[in-house]
Amino acid sequence: KTKVIQKTLDPTWNAQFDVHGVDPDSTVTFTVADVDDPTSPQSADDRDDFLGQVTVQLNALRHADFLAQMTYEAERRAKLKAKAGRRPSKTKTRLQADGALLVMDARARLGPNLVPVSKVVNEKVNHVAFDDVHVEATGAVYYRIWAAPRARSICGHLEVKVQRGFVVSFWKPVWACLAFNRLTLRDHRGDEHLRLDLPLRHLEAVEVHSPETAESIGDTFSLVLGGGKRHDLRVGDLGTPLRDVEHQAWVRRLRRCAPRIPTNEFADSACPFLEYTETRKNDGGVAARR
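Residues numbered from 1 in each chain as written. Predicted model: local features only at pLDDT ≥ 70, side-chain atom pairs only at ≥ 80, totals over all residues. Heavy atoms only, no water.

1. Points about the packing of aromatic side chains
Phase 1: Applying the stated criterion across every chain, the model contains 2 aromatic pairs.
Phase 2: Seen from their ring centres, F50 and F130 are 5.9 Å apart, and the 55 degrees between their planes marks the pair as tilted. Residue F50 is located in strand β2 (residues 49-57), and its partner F130 is located in the loop between β5 (124-128) and β6 (140-147); the two are separated by 80 residues in the primary sequence.
Phase 3: Looking at F50, the relative accessible area reads 4%, which means it is buried. (Phe/Tyr/Trp six-rings, centres within 6.5 Å; stacked < 30°, edge-to-face > 60°. Helix = DSSP H or I, 4+ residues; strand = E, 2+ residues; numbered from the N terminus. Buried < 20%, exposed > 50% of the residue type's maximum accessible area, 1.4 Å probe, protein only.)

2. Comments concerning the pairing of strand β9 (residues 182-186)
Phase 1: In terms of residue burial, β9 counts as a mostly covered element, since 4 of its 5 residues are buried.
Phase 2: Two elements, strand β8 (residues 168-179) and β9, share 5 bridges in a ladder whose sense is antiparallel. Bridge pairing in β9 links A179 to R182.
Phase 3: A loop of 2 residues connects β8 with β9, the two strands running antiparallel in sequence, and F180 in this loop sits at a positive phi of about 55 degrees.
Phase 4: As judged from the 4 bridges shared by β9 and strand β10 (residues 196-199), these two strands associate in the antiparallel manner. (Pairing = 2+ DSSP bridges.)

3. Details of the environment of R253
Phase 1: Here R253 lies in helix α3 (residues 242-257).
Phase 2: Between the C-alpha atoms of R253 and S153, which are 100 residues apart in sequence, the distance is 6.8 Å.
Phase 3: Contact partners of R253, with chain neighbours within four places excluded, come to R150, A151, S153, I154 and L178. (Contact = heavy atoms within 4.5 Å.)

Following this line, the structure appears as C-alpha cells:
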C-alpha cells in the first residue's frame, strides 16, 4: 500500500515494492482508491471510494535473460565509445546500477473492480470493501516493472545459524532473496520485516565448509564481511541431488555478485574460497565468463 497523496487529481506516488519468487504466469493488480480524511467525523463509518483497477500480465519476465544479454551488449558498446572519446551515455538509475532489467514501462487505463483486495491486520487477512465500485472508472496509471537477471539472483528457503550464548546454537528456517546486489532474509515469505539486509559490497568471502567435520567442502556456506563478522547459512533438507544443486547455485551467485570477490566461472561452485581465488589468479587473467 502506497502513501496517500492529499488534495490532487493527478497524484504521483513514486512507490517501490519488492516481490520475490514471482511466477511469470502470475499477474500484478494495481487498485486506485480515493481515501477519505480519517480526521473527519463523517468518514468514521465510510469506506474509501473505488476509482479503478489495472491487472498486468507478467509474461515479459520470461524474456529477462534476453534483456540481460541486450543490456550487456549496450554496456559493452558504451565502453567502446567512451574509450574512443565520445560522449558517455546517460547516468544509470540506482536500480540499473544494481543490475536491474527494465521489462515493463507502460501506461494502462483504469478498469472495473475484478480482483478482490485484501489486507493483513494482526496476521489475519481481511477483505477490503469500497464504495462506488459500480461507477465507471476513468483515468490511467503509469508503472514500471524491473527484474533481476537470473544469473545474478536467486530466492528460496535457507537455514541460518543462530547462536545463543557460547554453547547453544540452532538452525532457523528463513526465506532468502538475492537480487539487485543485496541479500535479504525474512522469517517467512512475504514478511515486511527483514531479519537481515546485507549489501553485497560488504561481502569479502563466501566460504564452503562442513561444521560437523570441519572440512573445507560441505553443505554449509559462510558469508564473511568486513571486520570479520560472519553469517552461517545452509540449504534445507531437500534431498540429494536437489540439495546439492541449490547449494551450488547459492554459492556461485553470491560469489558472482560480490564486487570484492574476483569472478571465477571455471572453478567448481562447491570448492573452498581459497581454491576459488587461486584458480582465478592462475587462469592467465582471462576476463569473467558470463
